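Chain residues, written in single-letter form:
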Amino acid sequence: MYHKNMKTYRNVPFSVLDLAPVLEGKEPRDSFENSVKLAQAVESFGYNRYWLAEHHNMPGIASSATSLLIGHIAEHTNSMRVGSGGVMLPNHASLVVAEQFGTLESLFPNRIDLGLGRAPGTDQATAFALRRTLNQQVDDFPNQVLELENYFSDDPKGHVQAVPGRGLHVPIWLLGSSDYSARLAAEKGLPFSFASHFAPQFMLEALKIYHDNFKPSNALEKPHVMLGINIITADTNEEAEFIATSQQQQVVHLRRNEPTKLQPPVEDITPLITSAEQLMLEKMAQSSTTIIGDKTVVKEKVDALLELTKADELIINSQVFDIDSRIHSYKLIAELFDN
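Just so it is clear, the model here is predicted, and its values are computed rather than measured.

Undergrad: Which parts of the structure should I look at to understand the nonpolar core?
TA: What tends to happen in soluble globular proteins is that the nonpolar side chains get buried as a cluster. Among the nonpolar cores identified, the biggest contains 75 residues, and F14, Y47, L114, L116, L227 and L314 are the most heavily contacted of them. In terms of residue count, helix α1 (residues 28-45) provides more of this core than any other element does, six residues in total. Setting aside chain neighbours within four positions, we find L114 in contact with S84, V87, V97, F101, L148, F152, V170, P171, I172 and W173. Core analysis: the next-biggest nonpolar cluster, separate from the first, contains nine residues, W51, I61, L175 and M226 among them.

Undergrad: Just to check I follow, could you spell out the environment of I209 for this structure?
TA: On the secondary structure map, I209 appears in helix α7 (residues 203-213). Taking the C-alpha atoms as reference points, I209 and W173, separated by 36 residues in sequence, lie 16 Å from one another. Excluding its chain neighbours within four sequence positions, the residues that come into contact with I209 are D179, A182, R183 and A186.

Undergrad: So what exactly am I meant to see when it comes to α7 here?
TA: Because each turn of an α-helix spans 3.6 residues, side chains separated by three or four positions end up pointing in the same direction. Within α7, burial applies to M203, A206, L207, I209 and Y210. Seen end-on, α7 carries its buried residues on one side only, within an arc spanning 160°. Those residues of α7 that are exposed and aimed more than 90 degrees away from the buried face are K208 and D212. Those residues of α7 hidden inside the fold are in contact with α6 (179-188), β7 (192-194), β8 (225-233) and α11 (295-309).

Undergrad: Before we go on, may I ask you to explain the packing of aromatic side chains in this structure?
TA: Two aromatic rings are characterised by how far apart their centres lie and by the angle between their planes. According to the stated counting rule, one finds eight aromatic pairs in the structure shown. A ring pair is formed by Y47 and Y330, whose centres lie 5.7 Å apart and whose planes are at 85°; its orientation type is edge-to-face. Residue Y47 is found in the loop between α1 and β3 (49-52), and its partner Y330 is found in helix α12 (residues 323-334); the two are separated by 283 residues along the sequence. For Y330, a relative accessible area of 0% corresponds to the buried category. Connected via pairs of aromatic rings, a cluster forms that spans Y9, F14, Y47, Y330 and F337. One residue, R118, lies across the ring of Y180, its end atom 3.6 Å from the ring centre.

Undergrad: Quick question: what am I supposed to make of the packing of helix α3 (residues 94-107) against helix α5 (residues 141-152) here?
TA: Between α3 and α5, whose axes approach to 9 Å, the crossing angle comes to 40°. Judged on the interaxial angle alone, α5 and α3 are oblique. For the pair α3 and α5, the sense of crossing is right-handed. Where α3 abuts α5, its residues S94, L95, V97, A98, F101 and G102 lie against Q144, E147, L148, Y151 and F152. Residue composition of the contact of α3 with α5, grouped by class: seven nonpolar, three polar and one charged.

Undergrad: What am I meant to see in α5 here?
TA: With 12 residues, α5 should cover 16 Å at 1.5 Å per step; its first-to-last C-alpha distance of 17 Å lies within 8% of that length. Among the residues making up α5, those that are buried are F141, Q144, V145, L148, Y151 and F152. Each buried residue of α5 lies within a common arc of 120° when the element is viewed along its axis, so the set occupies one face. Residues of α5 that are buried make contact with α3, β5 (112-117), β6 (172-176) and α6.

Undergrad: It is not clear to me how empty space enclosed by the protein should be interpreted in this structure. Could you clarify?
TA: Picture a little ball the size of a water molecule; that probe, rolled over the atoms, points out where space is still empty. Overall, the coordinates contain three cavities of 30 Å³ or more when judged by the stated rule. In this structure, the largest cavity spans a volume of roughly 90 Å³. Looking at the largest cavity, it is lined by 13 residues, and the ones nearest its centre are Q247, Q248, M284, T290 and I292. Those elements giving two or more residues to the lining of the largest cavity turn out to be β8, α9 (245-255), α10 (275-286) and β9 (290-293). Among the residues making up the lining of the largest cavity, the classes are represented as nine nonpolar, four polar and no charged. The space that makes up the second largest cavity amounts to roughly 50 Å³. Contributing to the lining of the second largest cavity are M58, G60, I61, Q250, L254, P259 and T260. In the lining of the second largest cavity, the residues fall into four nonpolar, three polar and no charged.

Conventions adopted
- Residues numbered from 1 in each chain as written.
- Predicted model: local features only at pLDDT ≥ 70, side-chain atom pairs only at ≥ 80, totals over all residues.
- Heavy atoms only, no water.
- Core = buried A, V, L, I, M, F, W, Y, C linked by side-chain atoms within 4.5 Å.
- Buried < 20%, exposed > 50% of the residue type's maximum accessible area, 1.4 Å probe, protein only.
- Helix = DSSP H or I, 4+ residues; strand = E, 2+ residues; numbered from the N terminus.
- Contact = heavy atoms within 4.5 Å.
- Arc of directions from axis to C-beta.
- Phe/Tyr/Trp six-rings, centres within 6.5 Å; stacked < 30°, edge-to-face > 60°.
- Lys NZ or Arg CZ within 6 Å of the ring centre and 35° of its normal.
- Axes fitted to C-alpha atoms, helices over the stretch in contact; angles between N-to-C directions.
- Parallel < 35°, antiparallel > 145°, perpendicular 65-115°, else oblique.
- Left-handed = near helix turned anticlockwise from the far one by under 90°.
- Nonpolar A, V, L, I, M, F, W, Y, C, P; charged D, E, K, R; others polar.
- Expected span 1.5 Å × (residues − 1).
- 1 Å grid on protein atoms, 1.4 Å probe; cavity = no way out; pocket = protein on both sides within 12 Å on 5 of 7 lines; lining within 4 Å.
- Points joined across faces, edges and corners; volume = space filled by probe spheres on them.

Written out as structure tokens, the structure is:
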């Protein structure tokens, strides 16, 4: 589950969640170049894994063809695990996912993770454009997970086989922002990643459900939880708050159902948002899973979060406009790692 050059903080590895943000004034090609630059940097810092998230019909997110981008990042790194955070399984035939990740695992042995979500990662119209039918609802998610486990097994049942895929045992994670995937991950004995970076209000309940109901499996002997969190840090609190305004603008535009490219930071976000949106951002900043500040603030809040949740791993989202500032943010976080 870990790679050999991984480092930890309080015995907890840190990982990276990348949405391949498309910057205002730039194109997806630039996003992919930035993702490679970031992946190579965080690998050198000792991060454990680098996950990319599937989204569609969003002008500010370029990771729609997730498996292709995973291969691109794996090709440009050496030992860090690379995977999906996640593939939105209802958008796809399980066989196609098995073949794609079987191919990735064959090309990059023991480095590929398959994180699975049950949401479409887009709006309803785009979901149908992805060839979802009325017969394939989110309720099919447990069966699709079972199909994937079968395709990756040593002796898959049925006439159809994934080639490559059979016998490769690609690690499957379940992702969630509510209790649904927590229950399913516990029942199946799979690792669980909770999206606490955008659903902190459900975090503790989901973690309790997962731990209380976990059943050991061939995949996992005991529960393993990775929490998604937002961290944006810089040399000073003022600089961190400044560069965080790009992510704050993104959140506001998504809540308005008006997604845009990632905007450059602004000195004062107040004129750009309503009073209700201001309250929303303040509440988000006060949560335990969004951390904005210098390294001292990060350490204090990460310590508190680990004490509260006993998480086994943290996966960090950092939507920063300037790629050098984004890399520097991850570098400052990595300076917390144990020597």
